[in-house]
Amino acid sequence: MARYLIIGGVAGGATAAARLRRLDESAEIIMFERGEYVSYANCGLPYYIGGVIPVRDRLFVQTADGFRNRFNIDVRVSTEVVSIARERKQVEVRDLANGAITVESYDKLVLSPGAEPLKPPIPGIDIPGIFTLRNVMDTDRIKQHCDTTKPKSAVIVGGGFIGLEMAENLHAAGMEITLVEMAEQVMVNLDYEMAAEVHHHLRAKGVTLLLKDGVASFRDKGRSIEVVLSSGRTIAADIVILSIGVRPDTKLAREAGLDIGKRGGILVDRHLRSSDPDIYAIGDAIEFANPVTGRSVITLLAGPANKQGRLVADNIVTGNTRIYGGSIGTAVAKVFDLTVASTGASEKTLAAEGIPCVASITHSASHATYYPGASQMSVKILFSPDSCTLLGAQIVGASGVDRRIDVFAALIGKKGSVYDLMEFDHAYAPPYSSAKDPVNIAGFVAENILTGVMKVMHWRQVPGLDRANTFILDVRTPGEHRAGTIEGSVNIPVDELRDRIASVPRDKTIVVFCAVGQRAHVAARILRQSGFEEVYNLSGGYRTYGTVLRDSPGPACC
Ligand code: FAD
């Protein structure tokens, strides 16, 4: 009878345990969990704190007893594995209730220890009222603090997914929110101009957003905490949520001498085996090559952890028959009324990796605009200039974002190209989409760029333009032009361009823009077919340019 031990009983570990049992009824399976609970929804924790999920029990997908009854798995909660003796194929286990140490042997061991929140040695970081959020115990502490002290103000440190979800949920609970982020933008998975849309939305919701500033120290002020920023600014808060990132929990693996990668995760092979063939590792703790960049990465997402859990169970029982292809990091988050999603690589990641890419930004309606309730979504895609392969996508919008990002993810995961976007055969009826879906439109524009039908310029390039030799042409209506434009632009509405073409200089580079790029494309085609060569459409139009312009403080333009 095989003996399988699993360390970590939440996303990856619980999935692996259940699948192991479904494949091998005779095995002895023990799952160790340091915390009090197994198989709960980490992803639901912010919504329970905010009251959107009103009943705490709803967070538990499965209980320890449920696991025992349904899967005949020996679940040991409040039990920490403290060491792995690989040569003896044993683990040393501490019962956290009484400190008792026992030893268990294994045939195969699965590590799914997750990640731990970063808590840098900032002065005052241990003052009561400062919390990190990783598990149910953290959640209970935050909830209890909120219930007993009724905080009116919160400082969220860190603008990642969890920070933003906490901002929204504490805002919903009636608190004044200040979000402090050291980088120039929230949500590191997005490129700046896409994140800028999120910044505007946060500010519109009343969140005080402090970018490019970090926490220098915390001071205990009795009933409140004074948060002192690197800029010298101070903020009073009744509660502080630290959400500045996590690191893979690799203590056990390191001490057992398993190979650790450059990013600090447990190195695994394509069967998800660590450097010891009898020890598998999954979830937040592992490091694996990103299929788009080829770069070793840590993926902190529940989907990959769950899928890896299933796959290792298959490999353990069937003898390494299944190959893990890696995660392209598909993620989605609700940020107040926006849905923000990304998949594959961002432009800044591709640039850092030296991978050539072309970027294109389009703005499309979530469904037919003549049917009530349509809203615009901003779509940015990245693709290879040589192979036309899709490399990444980001979407920010009010509705229909989740559906489109999964289409991009499916295509990127299968090494699809710009042409696959164009040909994507989507379901259409007015309440759901348009005859040309936002995915198709992103493909059409990308094809225009690849084939040279359209040349594009990006917002970052505008400040560096040689203005003496550039003609910036605003082809929107005079009303739109008056409401805000690029400094120095000349307004010729697209419908008048053919009649007024003589006023467009032939010896200059022409940068055409409209609201989102569609009218500018028509104008650019008129100009190109009238003998103008250097004609560029501003990608994303004034909507993207204006979003960046209004974002303060903006990034340095290059
Ligand atoms: P975990 O699920 O964290 O489980 C690891 C477990 O191992 C822990 O319970 C830990 O106590 C236990 N453990 C560690 N060491 C030992 C030891 N030595 N002995 C015994 N037990 C040990 N991802 C998404 O994709 N979408 C979301 O919306 C989303 N929202 C999130 C919201 C929050 C608040 C948090 C915290 C995470 C969120 N995530 C989300 C991330 C997702 O939850 C993780 O990627 C996923 O849980 C990772 O699975 P895992 O098995 O690697 O680790």
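Residues numbered from 1 in each chain as written. Predicted model: local features only at pLDDT ≥ 70, side-chain atom pairs only at ≥ 80, totals over all residues. Heavy atoms only, no water.

1. Thoughts on the overall build of the chain
This is how the line gets drawn: Here a strand is any run of E in DSSP of at least two residues, a helix any run of H or I of at least four, and the numbering for each starts at the N terminus. Here the globule rule reads 2.2 Å times residues to the power 0.38, and the radius of gyration is calculated from C-alpha atoms. The contact rule is simple, with two residues in contact once any of their heavy atoms fall within 4.5 Å. Counted as positive: Lys and Arg. Counted as negative: Asp and Glu, with His and the chain ends omitted from the count. By convention, charge coordinates are those of NZ in Lys, CZ in Arg, CG in Asp, or CD in Glu.
Counting its regular elements, the chain contains 15 helices and 31 strands. The C-alpha radius of gyration of the chain comes to 26 Å, within 12% of the 24 Å expected for a compact globule of 558 residues. A fraction of 62% describes how many contacts in the chain between residues 6 or more apart in sequence connect residues 24 or more apart. One way to put it: in the chain the 61 positive side-chain charges average out to a point 1 Å from where the 62 negative ones average out.

2. Brief notes about the pairing of strand β6 (residues 101–105)
To keep things clear, this is the line we draw: Pairing between strands is defined by DSSP: at least two bridges between them are needed.
Sheet topology note: the strand β5 (residues 90–95)/β6 ladder contains five bridges and is antiparallel. Opposite Arg 94, over in β6, you have Ile 101 as the bridge partner. Taking the residues that link successive antiparallel strands as the turn, the β5-β6 hairpin has five residues, and the phi of Gly 99 there is positive, at about 80°.

3. A few points about the site of the ligand
As a reminder, the rule being used: The rule for a residue being near a molecule or strand is that one of its heavy atoms must lie within 4 Å of it. Here a polar contact means two N or O atoms within 3.5 Å. Within protein one must be a hydrogen donor candidate and the other an acceptor candidate, and residues neighboring in sequence count only if both atoms are side-chain atoms. Accessible surface area values rest on a Shrake-Rupley calculation with a 1.4 Å probe, where residue burial reflects the displayed protein chains alone. Three residue categories are used. Nonpolar comprises Ala, Val, Leu, Ile, Met, Phe, Trp, Tyr, Cys and Pro, charged comprises Asp, Glu, Lys and Arg, and polar comprises the others, including Gly.
As a structural note, the neighbourhood of the ligand is formed by 28 residues, with Gly 12, Glu 33, Ser 112, Asp 284 and Ala 302 the closest of them. A distance of 2.8 Å separates an oxygen atom of the ligand from a polar atom in the backbone of Gly 12. One nitrogen or oxygen atom from the side chain of Ser 112 is found 2.8 Å from an oxygen atom belonging to the ligand. Calculation on the ligand without its partners gives an accessible area of 990 Å², and the protein chains cover 90% of this total. Looking at the shell around the ligand, the elements with two or more residues in it are α1 (11–23), β4 (79–85) and α8 (302–318). Considered class by class, the residues forming the shell around the ligand number 15 nonpolar, seven polar and six charged.

4. Some thoughts on the packing of aromatic side chains
The condition is simple: The pairing test for Phe, Tyr and Trp rings, Trp by its six-membered ring, is centres within 6.5 Å, and the orientation test on the planes gives stacked under 30 degrees, edge-to-face over 60, and tilted for anything in between. Exposed residues in this analysis have more than 50% of their type's maximum accessible area, buried residues have under 20%, and partly exposed residues fall in between, with area computed by a 1.4 Å probe over protein chains only.
What the rule picks out here adds up to six aromatic pairs. For the pair Tyr 37 and Phe 60, a centre-to-centre distance of 4.9 Å together with 35° between the ring planes defines the contact as tilted. With Tyr 37 in the loop between β2 (28–32) and α2 (45–49) and Phe 60 in the loop between α2 and α3 (64–71), this residue pair connects regions lying 23 residues apart in the sequence. Using a relative accessible area of 22% as the deciding quantity, one classes Tyr 37 as partly exposed. Classification of Phe 60 by relative accessible area gives buried; the value is 16%. Geometrically, the ring pair formed by Tyr 542 and Tyr 545 is tilted, given 6.1 Å between the ring centres and 35° between the ring planes. On the criterion of helical spacing, the pair formed by Tyr 542 and Tyr 545 is a turn pair, its members being three residues apart in helix α15 (residues 541–550). Owing to a relative accessible area of 16%, Tyr 542 belongs among the buried residues under this scheme.

5. Examining the packing of α1 against α8
So the rule is basically this: To obtain each axis, a line is fitted to C-alpha atoms, and for helices this fit is confined to the stretch in contact; angles are then taken between N-to-C directions over 0 to 180 degrees. Crossing handedness follows the turn of the near helix against the far one: under a right angle anticlockwise gives a left-handed crossing, and clockwise gives a right-handed one.
Interaxial distance between α1 and α8 falls to 7 Å at its minimum, and their mutual angle equals 35°. When the axes of α1 and α8 are compared, the crossing they make is right-handed. On α8, the residues touching Ala 11, Gly 12, Thr 15, Ala 16, Arg 19, Leu 20 and Leu 23 of α1 are Ala 305, Asn 306, Gly 309, Arg 310, Val 312, Ala 313, Asp 314, Ile 316 and Val 317.

6. Some thoughts on the nonpolar core
Most often, soluble globular proteins have nonpolar side chains that are buried together. The line we're drawing: The term nonpolar core refers to a set of buried residues drawn from Ala, Val, Leu, Ile, Met, Phe, Trp, Tyr and Cys, joined through side-chain atoms within 4.5 Å.
Of all hydrophobic cores here, the largest spans 47 residues; its most connected members are Met 31, Phe 67, Ile 84, Val 91, Leu 109 and Leu 111. Among the elements that make up this core, the one with the highest residue count is α1 (five residues). Setting aside residues no more than four positions away along its own chain, Met 31 makes contact with Ile 6, Gly 8, Gly 9, Gly 13, Ala 14, Ala 17, Val 38, Phe 67, Ile 73, Asp 74, Val 75 and Arg 76. Membership of the second largest hydrophobic core comes to 39 residues, among which are Leu 133, Met 187, Met 194 and Leu 338.

7. Topic: the domain arrangement of the chain
Short version of the rule: Just so you know, the domain bounds were taken from an automatic or database domain assignment. Here's the idea: put two parts together, see how much 1.4 Å probe accessible area each one loses, and the total over both is what we call buried area. Salt bridge criterion: a side-chain nitrogen from Lys or Arg within 4 Å of a carboxyl oxygen from Asp or Glu.
One can read the domain layout of the chain as domain 1 (3–114 + 247–318), domain 2 (130–244), domain 3 (337–450) and domain 4 (456–550). Taking the mean C-alpha position of each, domain 1 and domain 3 sit 34 Å from one another. Facing four residues of domain 1, the contacting portion of domain 3 comprises nine residues. When the buried surface of domain 1 facing domain 3 is broken down by residue, Val 292, Thr 293 and Arg 295 rank first, second and third, together holding 86% of it. In this structure, the connection of domain 1 to domain 3 is made through one salt bridge. One salt bridge connects Glu 353 with Arg 295, and the closest N-O pair in it is separated by 2.7 Å. Connecting domain 1 to domain 3 are two residue pairs in polar contact (both at pLDDT 80 or more).

8. A word on the sheet that holds strand β29 (residues 490–491)
Spatial ordering of the open sheet is given by β27-β31-β30-β28-β29, a layout of five strands whose pairing is parallel. Edge positions in the sheet fall to β27 (455–457) and β29, since each of these pairs with one other strand and no more. Bridge analysis of strand β28 (residues 470–474) against strand β30 (residues 509–513) gives five bridges, and the strand direction is parallel. From the neighbouring strand, Ile 472 faces β30, where its bridge partner is Val 511.

9. Considering the sheet that holds strand β25 (residues 376–383)
In spatial order, the strands read β22-β23-β26-β25-β24; together these five strands make up an open sheet with antiparallel pairing. Of all the strands in the sheet, just β22 (331–335) and β24 (358–365) have a single pairing partner and so form its edges. The average angle at which neighbouring strand axes cross in this sheet is 15°, direction not considered. Where β24 and β25 come together, eight bridges link them in antiparallel fashion. Directly across from His 363, in β25, lies its bridge partner Ser 378.

10. Notes on the side chain of Asp 138
Among the secondary structure elements, Asp 138 is positioned in helix α4 (residues 136–149). Setting aside its immediate chain neighbours within four residues, Asp 138 contacts Thr 132 and Leu 133.

11. Some points on α3
This is how the line gets drawn: To obtain the arc, one takes the directions from the helix axis to the C-beta atoms.
Looking only at α3, the buried set comprises Ala 64, Gly 66, Phe 67 and Phe 71. Buried residues of α3, viewed axially, fall in a sector of 160°; they line one side. Those residues of α3 hidden inside the fold are in contact with α1, β2 and β3 (74–76). Backbone geometry just after α3 places Asn 72 at a positive phi near 55°.

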